[in-house]
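Understanding the architecture of this molecule
In case you want the letters, here they are:
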Amino acid sequence: MRSSKVAKRYARALMGLSNDHAQLEAWGAEIERLARIVDSPEVAAQLESPTVTHADRMAALGKIAERLDLSFPVRSFAVVVASHGRVREVAAMAETYARMLDDLMGRARATLTFAYQPSDEDLARVVAGLAVIAHKKIIPTNNIDASLLGGVVAELEGKIYDGSLATRLADAERRLSG
Amino acid sequence: MKARIAIVAALLGATLTPTLAIAAEGAGEEHGSWGALIFYVINFLLFVGILWKYALPAGRNFFKARALGIRETMSKADAAFRGAQEVANRAAERMARLEAEKNQIASDLADETVFQIGRIYDLGQEAAARIKRDAELSATALAENARRRVREALARAAGNLARELVVQNFKPDDQTRLLRGFVEKLGEEAGQ
């Protein structure tokens, strides 16, 4: 989890620009797209190169924003970030913004790792179970890991809920060995 | 003085040679003559007087000196005897003390020996108990270690077997059942 005081300050500033939840959601998606591009190795190397002047860096970020068809506030946000030499922090800002937005919208992100691809019904059941725990709407991110053998491992708000067969077998093995 | 010596010498001569005097009278044997008797008496008295005058003091002095010498010798001998007796007493005393000392040393040695034997016995008992305890602990630890290793090996084998069985026989229904169990657990956790 990438987060810093700087990222929090910028994320909070962007969030303070509007009270419209839908707009905030849209900005979240936009800034995430921007972070993905800026954080890619080839673009990051160019933007962070000492041979690139400050003006060129700002111009490049402006072009990226234009190419991504970002809204005016987010484009302005990107220019401000670039002008303050904080391009490296954009990914952390996007992450922090998403978390703040989740808090605002009363939802939580969960990373679910299954042993096999779950059916929609199974996925919905697990998400509902996690929602009961978090008292929030759950936005799941799914992964597959065959070494789990069966079941699921969920990571929610910094906590791990392990329902995998591999862990059960490991526990049984540990109990057997005393 | 010379005259006196001469008289004394004459008297001595006359006294000491009575046969000459008798012969000078030219007579044979005369029995019961007063003159002869007086002569003999005078002669004898002269002899006694001479003895009394000269020989007696000398003899007395001699015997006095002799007695003194004897007394001194006796005193010395007595002192030497007393000294010797004292030395003998001291020697006897020392002998008696030596004997007592010897007895004391023997007694001390006997006590020390008994003490040392007891101590060695106690130390031996203690060492034996410690060795026994250590051996028991080591044996217990070894046995426990062996049991643990066997348990671990068995558990590992069982785990591997279980994993293989799961991989071979796992079905979608099993996954659904596991997920349902997971959700139930989440519900229990939320209820707590």
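Calculation notes
- Residues numbered from 1 in each chain as written.
- Chains lettered and ligands numbered in written order.
- Predicted model: local features only at pLDDT ≥ 70, side-chain atom pairs only at ≥ 80, totals over all residues.
- Core = buried A, V, L, I, M, F, W, Y, C linked by C-beta atoms within 7 Å.
- Buried ≥ 20, exposed ≤ 12 C-beta atoms within 10 Å, placed from the backbone.
- Helix = DSSP H or I, 4+ residues; strand = E, 2+ residues; numbered from the N terminus.
- Contact = placed C-beta atoms within 7 Å.
- Pairing = 2+ DSSP bridges.
- Axes fitted to C-alpha atoms, helices over the stretch in contact; angles between N-to-C directions.
- Nonpolar A, V, L, I, M, F, W, Y, C, P; charged D, E, K, R; others polar.
- Parallel < 35°, antiparallel > 145°, perpendicular 65-115°, else oblique.
- Left-handed = near helix turned anticlockwise from the far one by under 90°.

Below, the discussion takes up the nonpolar core. All names here are of chain A. Among the nonpolar cores identified, the biggest contains 24 residues, and Ile31, Leu34, Ala78, Val90 and Met93 are the most heavily contacted of them. Looking at this core, the elements with two or more residues in it are α1 (5-15), α2 (21-38), α4 (54-67), α5 (72-83) and α6 (90-105). If one sorts the elements of this core by residue count, α6 sits on top with 6 residues. Residue contacts for Leu34: discarding those within four places in its chain leaves Ala65, Leu68, Leu70, Val74, Ala78 and Val90. Ala110, Ala115, Val126 and Ile138 belong to the second-largest nonpolar core, a separate cluster that totals 22 residues.

Moving on to the sheet that holds strand β1 (residues 107-114) of chain A. Residue and element names in this part refer to chain A. If you trace the 4 strands from one edge of the open sheet to the other, you get β2-β1-β3-β4, paired in mixed fashion. The outermost strands of the open sheet, each flanked by one partner alone, are β2 (137-144) and β4 (159-164). When the angles between neighbouring strand axes are averaged without regard to direction, this sheet yields 20°. Taken together, the 6 bridges between strand β3 (residues 151-156) and β4 define a ladder with antiparallel strand orientation. Within β4, the position partnered with Val153 by the bridge is Asp162. With respect to the sheet, helix α7 (residues 120-134) is in contact with β1, β2 and β3, its orientation differing from that of β2 by roughly 130°.

Here the focus is the interface of chain A and chain B. It is common to give the size of an interface as the accessible area lost on bringing the parts into contact. Each partner contributes residues to the interface: chain A has 22 residues there, and chain B has 27 residues. Counting residues per element, the ones that place at least two in the side of chain A that touches chain B are α7, β3, β4 and α8 (165-177) of chain A. Ranked by residues supplied to the side of chain A that touches chain B, first place goes to α7 of chain A with 7 residues. Here the residues of the side of chain A that touches chain B are counted per class, giving 13 nonpolar, 6 polar and 3 charged.

Moving on, we come to the packing of α2 of chain A against α5 of chain A. Residue and element names in this part refer to chain A. Look at α2 against α5: their axes get within 10 Å of each other, and the N-to-C directions meet at 40°. The angle between the axes of α2 and α5 places the two elements in the oblique class. In terms of crossing hand, the pair formed by α2 and α5 is right-handed. Residues Trp27, Glu30, Ile31 and Leu34 of α2 lie in contact with α5, whose contacting residues are Pro73, Val74 and Ala78. For the contact of α2 with α5, the class distribution of residues is 6 nonpolar, no polar and 1 charged.

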